[in-house]
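Structural overview for review
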Amino acid sequence: MKVRIDPEICQGQGRCFSIAPGIFDFDDLGNGVVIGDGTLTSDSIEQARLAQLNCPEHAIFIEE
Amino acid sequence: MTDNPLVQDFATDWDHSDPQWVADPYPIWDDLRQRCPVAHTDRYGGGWFPSTHAGVAAIAKDTKNFTSRNVVIGNGRPTELDLPAPIGVAPPITSDPPFHALARKLILPAFAPRPINALEPMIRELCSSLLDGLSGEDIVNAGTKYAQYIPPGVIRGMLGFPEGDIEYFLELVHIIMEGVDHPEEERIIEFEPVEKYFVAQMEDHIDNPRDDLTSYLLKAELDGQKLAMEHVFGTMVLILVAGIDTTWSAIGAAIWHLAQNPDDLARLVAEPDLMPVAIEEFLRFYAPVTMARLVKHDMEYQGCPMKQDDWILLGFPAANRDPVAFKDADTFIIDRAENRHVAFGLGIHRCAGSNLARLEMRVALEEFIKRYPRFELADPPAVTWAPGQIRGPRNLPIRILR
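Quick summary incoming for the structure in this document. Model, not experiment: these values are computed from the prediction.

Residues and elements named next belong to chain B. Pairing is mixed in the open sheet, where 5 strands are placed in the order 1-2-10-7-3. Strands with a single pairing partner mark the edges of an open sheet, and in this sheet they are strand 1 (38-41) and strand 3 (66-67). As defined by bridge partners, strand 3 adjoins strand 7 (residues 291-295) across 2 bridges and the pair is classed as antiparallel. Counted as the bridge partner of Thr-67 is Leu-294 from strand 7. Where helix 4 (residues 53-60) meets the sheet, its contacts fall on strand 2 (47-50), strand 3, strand 7 and strand 10 (311-314), and the angle it forms with strand 10 comes to roughly 120°.

Attention now goes to the pattern of salt bridges. All names here are of chain B. Summed over the entire model, instances satisfying the criterion amount to 26 salt bridges over all chains. The partner of Glu-376 in a salt bridge is Arg-399, and the shortest N-O contact between them spans 3.0 Å. A residue pair is termed long-range when its members are at least 10 positions apart, and Glu-376 in strand 11 (residues 375-377) and Arg-399 in strand 12 (residues 397-400) qualify at 23 residues.

Our focus in this paragraph is the pairing of strand 4 (residues 60-63) of chain A. Residues and elements named next belong to chain A. Because side chains alternate across strand 4, one face comprises the buried residues Ile-60 and Ile-62, and the other comprises Phe-61 and Glu-63, none of which is buried. Bridging between strand 1 (residues 2-5) and strand 4 involves 4 bridges; their strand directions are antiparallel. Pairing of Val-3 across the sheet is with Ile-62, part of strand 4.

Looking now at the layout of surface pockets. Put simply, the second largest pocket is a space of about 580 Å³. Forming the walls of the second largest pocket are 22 residues, and the residues nearest its centre are Gly-14 and Ser-18 of chain A together with Pro-276, Glu-280 and Arg-358 of chain B. Breaking the lining of the second largest pocket down by element, the ones donating at least two residues are helix 1 (15-19) and helix 2 (45-54) of chain A together with helix 6 (113-117), helix 16 (275-285) and helix 18 (354-371) of chain B. In terms of residue class, the lining of the second largest pocket is made up of 10 nonpolar, 6 polar and 6 charged.

Reading guide: rules and limits
- Residues numbered from 1 in each chain as written.
- Chains lettered and ligands numbered in written order.
- Predicted model: local features only at pLDDT ≥ 70, side-chain atom pairs only at ≥ 80, totals over all residues.
- Heavy atoms only, no water.
- Pairing = 2+ DSSP bridges.
- Helix = DSSP H or I, 4+ residues; strand = E, 2+ residues; numbered from the N terminus.
- Contact = heavy atoms within 4.5 Å.
- Axes fitted to C-alpha atoms, helices over the stretch in contact; angles between N-to-C directions.
- Salt bridge = Lys/Arg side-chain N within 4 Å of Asp/Glu carboxyl O.
- Buried < 20%, exposed > 50% of the residue type's maximum accessible area, 1.4 Å probe, protein only.
- 1 Å grid on protein atoms, 1.4 Å probe; cavity = no way out; pocket = protein on both sides within 12 Å on 5 of 7 lines; lining within 4 Å.
- Points joined across faces, edges and corners; volume = space filled by probe spheres on them.
- Nonpolar A, V, L, I, M, F, W, Y, C, P; charged D, E, K, R; others polar.

Read these as layout, nothing more, since geometry by itself doesn't imply function.
Right, dumping it as structure tokens:
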């Protein structure tokens, strides 16, 4: 499983990197970015899903 | 408060300054959501109010059919003076694409998490010293003596204006807040002392650049050109207008809630790690900000016959209470795990100061409950709420329980 942020949709609401700082970071404009290649482990998948459920812009995608 | 006649039916005659709306808008919005999801009014020259999450979201993200040239509803339809498209009077909040992206990129780095998080010690010291000033009193006014002072104090620090000038700075902030919707010719005269002081501060920053927002704006470039002093001044005024009664309202509303919900207060005192999650629920439940748009052209939209230059009032706080978008939408759940609230707006105009607002809320509440782990409303009917597009408690007497 991999997580990604669509930079066209992300508006820098800032929820993902607050909820799951191990998975998401922010760039110089404050937009969310995925750390590394976004591969999720069985430990991190819950956190990624929680971030996804809190993104007001629906900019986070979790894919097989 | 306006002299408008009292509203009988908010579906056909809504008014965000009506006393019923100001005192408690939530039942009105619940009713509209079921009966008339895009309400109409002939007041203010004519406008529409979407009350569902879907309706608000669609318009907030639709910059083809709606413009941000004026985001504060005036007394009538906008005039030529109100419509300096595409830049607007206060970029980027009044800008449309494509200029919007340029103006926004200019200020976003200053409000990104890294520089904002660095302000935490300064904000904590400010909150702590405000509370020191109230010590020993049994009843403290958390609105007029605490929440109100936090955002201007923080912005003074960010701008790098002298600490010793705080009293004068607060006077100037008052002039700006009072005068922002006055006619332009009045505003220019009223703003003279503001401009004089801000220009003197900018000149000092040009001579002695330092690591603060003023120096950042003076250094910033748009299309390879440094910004004109007027542009920097305009941006500073925007930051003050957008950053003060908004955050003050959010802090006040959270204290108002905790004063009436001792279980929530006790949980926050006992579980400090819960604060960030609680802040998001305060933001959802008591979102202070509604923003306006203007209809770009005649069209039928969401089933409504909209006319060019009709106002749209984007009910972000109403969207946050929509049961279609939130489970138990009308219940405050301090540890709500799934919370896609839209208190900071949606789309390209997402509040640029959201990281700062959250930090101020967190520190202000942490310091308040550390000092006063138990408190209640001293006089519930005495609490007053600000009318208009920013909603929050103003007079907020709190009895400290020892």
